[in-house]
Amino acid sequence: MPTTMTIRLDAEIQEALRHKSRQLHLDAETAVVQLIRDFVKGRLLLADQEFTEKLTVAEYLALSDEQEAALWDRWYREADRRVGTIIAEASPDALPPR
Amino acid sequence: MRYLLDKSVVRRCLRGLIGGTLTDDVRHSLRLLRTFTPDELYISLQTLHILTHIIKVPQARFIIARTTVLYPVKYTKRWARRLREMGFKREDAYLLSLATFSTDQLKEGRILGVNGFVTYDYHLQNHFLALQPQLEIRLRRMAARLSPPYNRASLPTVNTPDQITSST
């Protein structure tokens, strides 16, 4: 049985919510209820949010394990080139693993 | 205990944090992230670069906040070369070497290496286990000629996240 919950929003946000909902052909309440449903399921992002320059979150999550691993391999090679040569110095009394 | 997380583990943490299916490997990776403190979990500079410059979701910053960067030291490349001679791939050799020869700060680092390298690369784990006795001998021979603290360098264990969390 649904119960009512009141959420206080600034007028500006309310207007933005109505505007965005109209764009998505949803009524504002449906949009908010959907967001809350996703939130409690642990889905904290919108599917069309940018994950990288070329991928949305939904596109990234749709990748197979092999595709995702290949992407990370490519990113690692790119990162390796960017990081370059950094050499740190451990103190003479630095702690080895116990 | 200190652990270096391979990118295969970091990407599973991220997948879980952004709402991906909670498969066993994702759950175990997230559990690792939540069980240990930032001074027990380490990432490489390359992984840091991916999380800061390539991935744009805020969950990447959560992983950075839960980990510490491990910096290479002057013997990291030398030991990585030895590991490559023993059949490890370039990236694997570098990360295994980083697990042995590394520290937590650019200057006056307070630690030398980590206890374990955590990965989902089973091929790497098997190769490491098969060669472990020879690796121990080679590392002991190399470290004996180095000045402190590098002469106390040791091999890491190579485990999957579930092997780590089930033993805590």
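All figures in this text were calculated on a predicted structure; none of them were measured in a lab.

A. Structural detail: the packing of helix α1 (residues 7-17) of chain B against helix α4 (residues 58-65) of chain B. All names here are of chain B. Relative to each other, α1 and α4 sit at 130 degrees, their axes nearing to 9 Å. Regarding the angle of α1 to α4, the classification is oblique. Judged by the twist between their axes, the crossing of α1 over α4 is right-handed. Listed contacts from α4 to Val10, Cys13, Leu14 and Leu17 of α1 are Gln59, Ala60, Phe62 and Ile63. The residue makeup of the contact of α1 with α4, split by class, is seven nonpolar, one polar and no charged.

B. Just the nonpolar core, in detail. Ranked by size, the top nonpolar core spans 56 residues in total, and within it Tyr3, Leu4, Leu5, Cys13, Tyr42 and Val118 of chain B carry the most contacts. Not counting the four nearest positions on each side in its chain, Tyr3 of chain B is found in contact with Phe36, Glu40, Leu41, Tyr42, Val114, Asn115, Gly116, Val118 and Ile164 of chain B.

C. Representation of the interface of chain B and chain A in the model. Contacts between the two partners involve 36 residues from chain B, matched on the other side by 30 residues from chain A. At the level of secondary structure, the elements contributing two or more residues to the side of chain B that touches chain A comprise α1, α3 (45-54), β4 (71-72) and β6 (109-111) of chain B. Residue classes in the side of chain B that touches chain A are distributed as 16 nonpolar, ten polar and ten charged. The sheet contact formed by strand β3 (residues 90-95) of chain A and β6 of chain B spans two bridges and is parallel. Along β6 of chain B, the bridge assignment pairs Leu95 of chain A with Ile111 of chain B.

Analysis parameters
- Residues numbered from 1 in each chain as written.
- Chains lettered and ligands numbered in written order.
- Predicted model: local features only at pLDDT ≥ 70, side-chain atom pairs only at ≥ 80, totals over all residues.
- Axes fitted to C-alpha atoms, helices over the stretch in contact; angles between N-to-C directions.
- Helix = DSSP H or I, 4+ residues; strand = E, 2+ residues; numbered from the N terminus.
- Parallel < 35°, antiparallel > 145°, perpendicular 65-115°, else oblique.
- Left-handed = near helix turned anticlockwise from the far one by under 90°.
- Contact = placed C-beta atoms within 7 Å.
- Nonpolar A, V, L, I, M, F, W, Y, C, P; charged D, E, K, R; others polar.
- Core = buried A, V, L, I, M, F, W, Y, C linked by C-beta atoms within 7 Å.
- Buried ≥ 20, exposed ≤ 12 C-beta atoms within 10 Å, placed from the backbone.
- Pairing = 2+ DSSP bridges.

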